[in-house]
Structures are given as C-alpha cells and as structure tokens.
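Okay, here's what each chain looks like letter by letter:
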Amino acid sequence: MEKKLIGIDLGGTTIKFAILTLTGEIQQKWSIQTNILDDGSHIVPDIITSIKHHLKLYQMQPSQFSGIGMGSPGTVDLKNGTVIGAYNLNWKTLQPVKTAIEKELGIPFLIDNDANVAALGERWKGAGENDNEVVFVTLGTGVGGGIISNGKLVHGVQAAGEIGHMIVEPNGYLCTCGNHGCLETYASATGIVRVARDLAEEYAGPAKLKKLLDDGQDISSKIVFDLAKEADQLALMVVDQVCSYLGLACANIGNLLNPSFIVIGGGVSAAGEFLLDRVKKYFLKYTFPTVRTTTELKLAQLGNDAGVIGAASLALTFN
Ligand SMILES: [Zn+2]
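A. Representation of the overall build of the protein chain. Broken down by element type, the protein chain carries twelve helices and twelve strands. By the compact-globule yardstick of 20 Å for 319 residues, the protein chain fits well, its C-alpha radius of gyration being 21 Å. The dimensions of the protein chain, computed from C-alpha atoms along their principal axes, are 65 × 45 × 35 Å. Per-residue burial over the protein chain gives 52% buried out of 319 residues. In the protein chain, of all internal contacts separated by at least 6 residues, the share reaching a separation of at least 24 is 61%. Surface summary for the protein chain: the accessible area is close to 14,700 Å², and the carbon and sulfur share equals 51%. Within the protein chain, the 32 negative side-chain charges are centred at a point lying 4 Å from the centre of the 26 positive side-chain charges.

This is the structure:
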C-alpha cells in the first residue's frame, strides 16, 4: 500500500495538520489551538496527542507513513530538529521537537522554518508549477520568504531568504531588526498602514482614507486596498508607494536569482491582480532585460494550505 505523509504548520494561534498522499493531495485536515502558556511547554505534547488521536480516528498505523514534516517560527536547526527564539510561541530556550515526536510516534520527522515550508508548498502544488527555480514572498504581519534554487531550499549559513529585511530605502522607517528601510516596514500589513498615516499628513485633497484617519478610525491594509480599488486618491498613492518598493525588491530578487516564478502570498496578497499589476509595473522598470522576459510574478494559489503541503513535502526524502 502506498505510504502517506503528515504535514504540520505550527503558528502562534493555531497548529494545522494534514495527511497527504505522496503526490501532495490532502486527504485529511484538522487544526488545534496553540497553547503558548508555561513557556510553550504544552505545544509539542499537544501535537503528539492530536496526531495519535487522529490516527486512531482514521484507523491508521505509524508504519503507513513515510514521515512527518513541520514548519515552525523561530530559528530552526535542520539537522538536530530543534527550534529556538520563537517568541510568538513563548519558545525562548532550545526545543528538541524532532527527538520528542520521533520517540512518541515512531515516524521519521523533519522541520524547517515556516516561510521556507510555505515556499515549498507553493512550489510543489501551487503557483510554482513544481519548477526548480521559485522564490516565495509572503506579505502578512511581517514579510517573509523562501528561495528554491536547483530544486532545493536555499538556507545559506543560517538565515537565507530574509526577504522582508531587504533594504529598499536606506533612510527609511526603523525596522524591528534595527536597520532602516527594510521591505517589511513598507509592505507588511502594518507597514502599509504606516505609509497611509504618513502620506495622509501631507495630503490635503478630499479622500475617504484621509477622512477615516483624521476621524481617528482604525484602518487596515485591506481598507487601504479596498479604497484604492474605488479610486480613492490617497489610497492610490499609498498603494503606488507600497508597490514601488515591492516591485524594486522583486526586481532585485529576479536580478540575483532569475527564478521562473516569484510567487506573492500572505494576507496582503488577497488584494489580488490589483496588487500584482502594480508590482509588475515597477518590477519591469527595475529588472535586467533577460530577467524581465524569463522571470514571472504570480499570486500564490494555496492560501492557508501552503504550510501543511510544504511541510509534508519535507518528508518526501524519507520515501
Ligand atoms: Zn529589518
């Protein structure tokens, strides 16, 4: 009988699980809440209990699985299967995730960084068309990314693919990393709101976005994009600035790596073709001619499933 894979997407609020075939079709999917209390000490035991429970529910045995793959926030040690510094999980000290899971479940286990794993997912079953050269950029609360070159994730010595910290404006906004003008400070959901507030300060025309901000209302990146789609002048200015930085970053990625696809995902990418068209405009402006005609910008296709699918694909190496 053909073996199956388990993918785990560990996040700060939920842990998503899926059982997949070796060709990446999801057969079962479930999730549990992440209990980050007591220094996150319940997380790994909760994962083990949940998998045991579901294997029993589906009448499956550990021997039916080639392996388990997982995506995690924080700094991941691939070889030892440990995680440290995942602050949204309260994991400040070293967590021996692989050892605990393999011991309790008896299934081989591999782990990687959450953005890398999402990149693998989009590459395998999403917009990456299973190509060997794919870069994934995720626009959410922060900006993350993953690079697949020659069919493999690029890890560097420790932290390759930190696309969110590519500097797009040397004298720009202060970033949480300590530098100024990182892409994340402009193109994350919070960055877009920041750009909106700043441009609103200098804007004197009759824009709905300006009025919302002047009234002291909370705005979101979604509101900015929705208003821009209605041709609100200030919102259009904000979107144009954000897209110019994103287009510049994508052009730099393209010029450096010349992937087949640069895939844009994450919550902000829900703005769809409206966002993509504007990023493309600047991408084409800044790219090297050969890259312009061979690297394509695309929207992600898997949404929330990218994490579990990509995580499961880690375990293909056991097959
Ligand atoms: Zn930074």
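B. Region of the structure containing the sheet that holds strand S4 (residues 65-72). Strand order in the open sheet formed by five strands is S3-S2-S1-S4-S7, with mixed pairing between adjacent strands. Here the strands that pair on one side only, and so sit at the sheet edges, are strand S3 (26-33) and strand S7 (109-113). Averaged over all pairs of adjacent strands, the angle between their axes in this sheet comes to 15°, without regard to strand direction. For S4 and S7, the ladder comprises five bridges, and the chain directions are parallel. Paired with Gly 69 across the strands is Leu 110, a residue of S7.

C. Summary view of the sheet that holds strand S11 (residues 261-265). Sheet architecture is open: five strands sit in the order S10-S9-S8-S11-S12, paired in mixed fashion. If you trace the sheet from one side to the other, it starts and ends with strand S10 (152-153) and strand S12 (296-299), each paired once. Two elements, strand S8 (residues 134-139) and strand S9 (residues 143-149), share six bridges in a ladder whose sense is antiparallel. Bridge pairing links Val 135 to Ile 147 in S9. Contacts between helix H4 (residues 114-125) and the sheet are confined to S8, S9, S10 and S11, with S9 contributing the most and set at about 55° to the helix. Together, S8, S11 and S12 form the strand contacts of helix H10 (residues 273-286), whose direction differs from that of S12 by roughly 165°.

D. Local environment of the coordination of the zinc ion. The zinc ion binds to the protein through His 165 (ND1), Cys 175 (SG), Cys 177 (SG) and Cys 182 (SG), with metal-donor distances spanning 2.0 to 2.3 Å. All donors of the zinc ion belong to a single chain; written as a sequence motif, their spacing is H-x9-C-x1-C-x4-C. According to the relative accessible area criterion, Cys 177 is partly exposed, its value standing at 41%. On the basis of relative accessibility, which here comes to 0%, the residue Cys 182 falls in the buried class.

E. Local environment of helix H12 (residues 306-314). Among the nine residues of H12, nine are classified as buried, and the element is accordingly described as predominantly covered. For H12, the set of buried residues is Ala 306, Gly 307, Val 308, Ile 309, Gly 310, Ala 311, Ala 312, Ser 313 and Leu 314. Those residues of H12 hidden inside the fold are in contact with strand S1 (4-10), strand S2 (14-21), S3, S4, S7 and H4.

Thresholds applied
- Residues numbered from 1 in each chain as written.
- Predicted model: local features only at pLDDT ≥ 70, side-chain atom pairs only at ≥ 80, totals over all residues.
- Heavy atoms only, no water.
- Helix = DSSP H or I, 4+ residues; strand = E, 2+ residues; numbered from the N terminus.
- Rg over C-alpha atoms; globule rule 2.2 N^0.38 Å.
- Buried < 20%, exposed > 50% of the residue type's maximum accessible area, 1.4 Å probe, protein only.
- Contact = heavy atoms within 4.5 Å.
- Areas by Shrake-Rupley, 256 points an atom, 1.4 Å probe, with all protein chains shown as cover.
- Lys, Arg positive; Asp, Glu negative; His and termini not counted.
- Charge placed at Lys NZ, Arg CZ, Asp CG, Glu CD.
- Pairing = 2+ DSSP bridges.
- Axes fitted to C-alpha atoms, helices over the stretch in contact; angles between N-to-C directions.
- Donors = N, O, S within 2.8 Å, 3.2 Å for Na, K, Ca; no water.

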